[in-house]
Amino acid sequence: MKITVHSSKAVKPAYGANAGPFAAVGDAIPLTVFDKATFDEYISGITFFRPPAPPNAALEAGLARALAEYREWAGRLGADARGGRAIIILSDAGARFVEATADVALAAAMPALLEPSPAVADLHPSAGGGGAGELLMVQLTRFACGSLAVGHTMSHVVGDGHAACNFLLAWGQATRRAPIDPAPAHDRASLFLPRVPPRVEFDHRGVEFKPPARPHHRPHGGKASCGGGSYAGDVVVVHRAHFSREMLSELRSRASSSAPRPYSTAVCLAAHLWRCITRARGLDGGTVTRLRVAVNGRARMNNGSSHPQVVPEGYTGNVVLWAWPAATARELVEDGPPWRAAELVSRAVARVDGGYFRSFVDFASSGAVEREGLVPAADAAEKVLSPDVEVDSLLHAAFCDVDFGGGRPFLFMPGYLPNEGSVFIVRSFSGDGGVGAYVPLFSRAMERFKECCYSLATADARL
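Not measured: the values here are computed from a predicted model.

Thresholds applied
- Residue positions are counted from 1 within each chain, in the order its sequence is given.
- Restriction of local features to residues with pLDDT of at least 70 applies here, the model being predicted, together with a cutoff of 80 or more for giving and counting side-chain atom pairs; totals for whole chains, interfaces and linings are based on all residues.
- Heavy atoms from the whole structure form the basis of all side-chain values; hydrogens and water molecules are not counted.
- For helices the rule is a DSSP run of H or I covering at least 4 residues; for strands it is a run of E covering at least 2, with both sets numbered from the N terminus onward.
- We call a residue buried when its accessible area falls under 20% of the maximum for its residue type, exposed when it is over 50%, and partly exposed in between, using a 1.4 Å probe and counting protein chains only.
- Accessibility throughout is a Shrake-Rupley quantity obtained with a 1.4 Å probe, and a residue counts as covered only by protein chains that appear here.
- The contact definition used throughout considers only heavy atoms, calling two residues in contact when any of these lie within 4.5 Å.
- An axis is simply a line fitted to the C-alpha atoms; with a helix, the fit covers only the stretch in contact. Between two such axes, the angle follows the N-to-C directions and lies from 0 to 180 degrees.
- Each angle gets one of four labels, with under 35 degrees taken as roughly parallel, over 145 as roughly antiparallel, 65 to 115 as roughly perpendicular, and the rest as oblique.
- Here a crossing is called left-handed whenever its near helix is offset anticlockwise from the far helix by less than a right angle, and right-handed whenever the offset is clockwise.
- Gly is put with the polar residues, along with every residue not named as nonpolar or charged; the nonpolar set is Ala, Val, Leu, Ile, Met, Phe, Trp, Tyr, Cys and Pro, and the charged set is Asp, Glu, Lys and Arg.
- Known as pLDDT, the predictor's confidence for each residue is given on a scale from 0 to 100.
- When a carboxyl oxygen of Asp or Glu lies within 4 Å of a side-chain nitrogen of Lys or Arg, that pair is called a salt bridge.
- Paired strands, as defined in this entry, are two strands with at least two bridges between them according to DSSP.
- The term polar contact refers here to a pair of N or O atoms within 3.5 Å; inside protein, the definition further demands a hydrogen-donor-capable atom paired with an acceptor-capable atom, and it admits residues adjacent in sequence only when both atoms are side-chain atoms.
- Working definition of a nonpolar core: buried Ala, Val, Leu, Ile, Met, Phe, Trp, Tyr and Cys residues. They are joined through side-chain atoms within 4.5 Å.
- Between the first and last residue of a helix there are one fewer steps than residues, each counted as 1.5 Å, and that sum is the expected span.

### A few points about the overall build of the chain
- Counting its regular elements, the chain contains 13 helices and 20 strands.
- When each of the 463 residues of the chain is scored for burial, the buried share is 53%.
- For the chain, the accessible surface area stands at approximately 18900 Å², while carbon and sulfur atoms represent 54% of it.

### Regarding the side chain of Asn419
- Assignment of secondary structure puts Asn419 in the loop between strand 18 (411-414) and strand 19 (422-427).
- With sequence-adjacent residues up to four places away left out, Asn419 is seen in contact with Glu382, Lys383 and Pro440.

### Focus on the packing of helix 6 (residues 265-281) against helix 12 (residues 443-453)
- Packing of helix 6 against helix 12 leaves a shortest axis separation of 8 Å and a crossing angle of 135°. By the angle between their directions, the pair helix 6 and helix 12 is classed as oblique. For helix 6 against helix 12, the interelement crossing comes out right-handed. Every residue of helix 12 that contacts helix 6 at His272, Leu273, Cys276, Ile277, Arg279, Ala280 and Arg281 is listed here: Ala445, Arg448, Phe449, Cys452 and Cys453.
- Per-class residue counts for the contact of helix 6 with helix 12 are eight nonpolar, one polar and three charged.

### Looking at the confidence of the model for the chain
- Per-residue confidence for the chain averages 89 on the pLDDT scale, and 90% of its residues sit at or above 70.
- When pLDDT is averaged over each helix and strand of the chain, the minimum, 48, is found for strand 10 (residues 225-226) and the maximum, 98, for strand 7 (residues 136-142).
- Counted against residues more than four places away or in other chains, residues 216-225, with its pLDDT under 50, gives 28 contacts.

### A look at the pattern of salt bridges
- On inspection of all chains with the given rule, the structure shows 19 salt bridges.
- A salt bridge links Glu343 to Arg340; its shortest N-O distance comes to 2.5 Å. Note that Glu343 and Arg340 are positioned in helix 9 (residues 340-351) at a spacing of three residues, about one turn of the helix.
- In this structure Glu343 comes out as buried when scored by relative accessible area, which is 14%.
- Looking at Arg340, the relative accessible area reads 23%, which means it is partly exposed.
- Shared partners join several salt bridges into a network, and the residues in it are Arg195, Arg199, Glu201 and Asp362.

### What to know about the sheet that holds strand 18
- One open sheet holds the six strands; their spatial order is 1-6-7-8-3-18, and the pairing between them is mixed. The outermost strands of the open sheet, each flanked by one partner alone, are strand 1 (3-11) and strand 18. Within the sheet, the average angular offset between the axes of one strand and its neighbour, ignoring direction, is 15°.
- Helix-sheet contacts for helix 4 (residues 161-175) involve strand 3 (42-49), strand 7 and strand 8 (148-155), and the interaxial angle to strand 8 is about 135°.

### A short note on the side chain of Arg188
- Within the secondary structure, Arg188 sits in the loop between helix 4 and strand 9 (209-210).
- Side-chain polar atoms of Arg188 contact the side chain of Asp35, separated by 2.9 Å.
- Residues within four places of Arg188 in sequence aside, it is in contact with Ile29, Pro30, Leu31, Thr32, Asp35, Glu72, Ile88, Val157, Val158, Tyr315, Thr316 and Gly317.

### Regarding the environment of Leu395
- Inspection of the secondary structure assignment puts Leu395 in the loop between strand 17 (389-393) and strand 18.
- Linking Leu395 and Ile425, residues 30 residues apart in sequence, is a C-alpha distance of 6.8 Å.
- For Leu395, the residues in contact, after removing those within four places along its chain, are Ala266, Ile425, Val426, Arg427 and Val435.

### Describing the nonpolar core
- Formed by 67 residues in total, the largest nonpolar core has its most connected members in Phe34, Phe192, Leu273, Trp274, Phe360, Ile425 and Phe449.
- In terms of residue count, helix 6 provides more of this core than any other element does, ten residues in total.
- When neighbours within four sequence positions are excluded, Ile425 is seen to be in contact with Leu269, Leu273, Val391, Asp392, Ser393, Leu394, Leu395, Val435, Gly436 and Ala437.
- Ranked by size, the runner-up nonpolar core spans 61 residues in total, among them Leu63, Leu90, Phe399 and Met413.

### Description of helix 10 (residues 354-364)
- The buried count for helix 10 comes to ten of eleven residues, which makes it a mostly enclosed element.
- Along helix 10, the residues classified as buried are Gly354, Tyr356, Phe357, Arg358, Ser359, Phe360, Val361, Asp362, Phe363 and Ala364.
- With a side-chain oxygen positioned 3.2 Å from the backbone nitrogen of Gly355, the residue opening helix 10 is Asp353.

### Remarks on the environment of Leu394
- Position of Leu394 relative to the elements: it lies in the loop between strand 17 and strand 18.
- The sequence separation of Leu394 and Arg427 amounts to 33 residues, and the corresponding C-alpha distance is 7.4 Å.
- For Leu394, the residues in contact, after removing those within four places along its chain, are Phe399, Phe412, Phe424, Ile425 and Val426.

### Section: unusual backbone geometry
- For the bond from Pro51 to Pro52, the omega torsion is 0°, close enough to zero to count as cis.
- Its place among the elements puts Pro52 in the loop between strand 3 and helix 2 (56-69).
- The phi torsion at Asp92 lies on the positive side, around 55°, for a residue other than glycine.
- Note on placement: Asp92 falls in the loop between strand 5 (85-89) and strand 6 (95-102).
- For Arg177, which is not a glycine, the phi torsion comes out positive at approximately 60°.
- Relative to the helices and strands, Arg177 is located in the loop between helix 4 and strand 9.
- By relative accessible area, Arg177 is classed as exposed at 65%.

### Regarding helix 6
- The terminal C-alpha atoms of helix 6, which comprises 17 residues, lie 24 Å apart, in line with the 24 Å expected from a rise of 1.5 Å per residue.
- Counting buried residues in helix 6 gives 15 out of 17 residues, a clear majority hidden from the surface.

### A short note on the pairing of strand 20 (residues 435-442)
- With eight of eight residues buried, strand 20 lies mostly within the body of the structure.
- Here strand 12 (residues 236-243) runs beside strand 20; their pairing, made up of eight bridges, is antiparallel. If you follow Arg240 over to strand 20, its bridge partner there is Tyr438.
- Alignment of strand 19 against strand 20, held across four bridges, turns out to be antiparallel. By the bridge assignment for strand 20, Arg427 is matched with Val435.

Shown next, in the form of structure tokens:
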């Protein structure tokens, strides 16, 4: 598959005759404590549409109209008065808009896309590819059959996956000239204010914040020593695992056998992947492995028992913290019962409730981070997670509803991100009720992973 780029340009907000910007050009929006604590990186995804698809000119015009509603994505990051990277400048400088074609029909390219390879990266812009600090970059790739791939690359500092999905929905609505729903909410300055008096009820040092890193003791970039075995010289490969509705049902039944009520699909699948990856890596039994699970705070902060902070559905920034269940490799895959991992995940996620989110706001706003020189624990430079695992669930993100006027997509996939141990789970578009998981591991561990991830009997067997 050869991708040819025909044009690359900046698209700026287009305001209608009866509407103007919600703030003056050059005004700034301060980053929140959640924005500052997240990964300083770009997140990518690709949405595929069958023909006929609207012409590129229609999608470009829709993008300009959507940017008039979501001006953050057309702005640039800047420094505040103290010199920190802490504001979004509403410069209206624009988003990068790339037009490309593929020399094959999509069906011919699909095997390479469904078993992700570096070729996937050609379908979404590379981070900073425009060289102008864009916070949003999109790429339209037309295949020989008329199918369309819409790739996006967006700054995680500006918004989380929920916010990114809201913008893509708005882009589709603006292209169809439909009302923007949900309406974007831009107020970051007053949304996450600390309580008076503040109440830091949890320890956030070593969780969301940490001391500045010493020189890395763990090799990155394709070489690692992972508990029970060395992967020096090995490469990271990505496998797209598909879990059918029937397997998910059986997985939930087994994982919830000792629970008062069934665990969610996301919890059960995250626990299953954690166990299978730990088994595949061949970690020493005493090695502690942690699972990083992203927790969306929108509903949790809204439904807290005291001092709720209402986060609008259309909020454009980050509202994510993380749960960190932990166990030794032996406890996870040998000594503990099969349902133990799901119990650990469920309890850890439940602890990150509305009270925890508000405690984080109070701590991050207290000045302790600056006084102690702490930095975010979310480290985008960490490319090898072993012995840990990260699972990000996109099951509740409405990527399946993005519609530019030619109908909904038939496939959504995350961009090519071969960070060892960093897993994305997405809903299946096949209509079978299944779920897909994009799993990056060292190649020598991948074969063992495939052996156990599809067989619950193998996954539950002793080491």
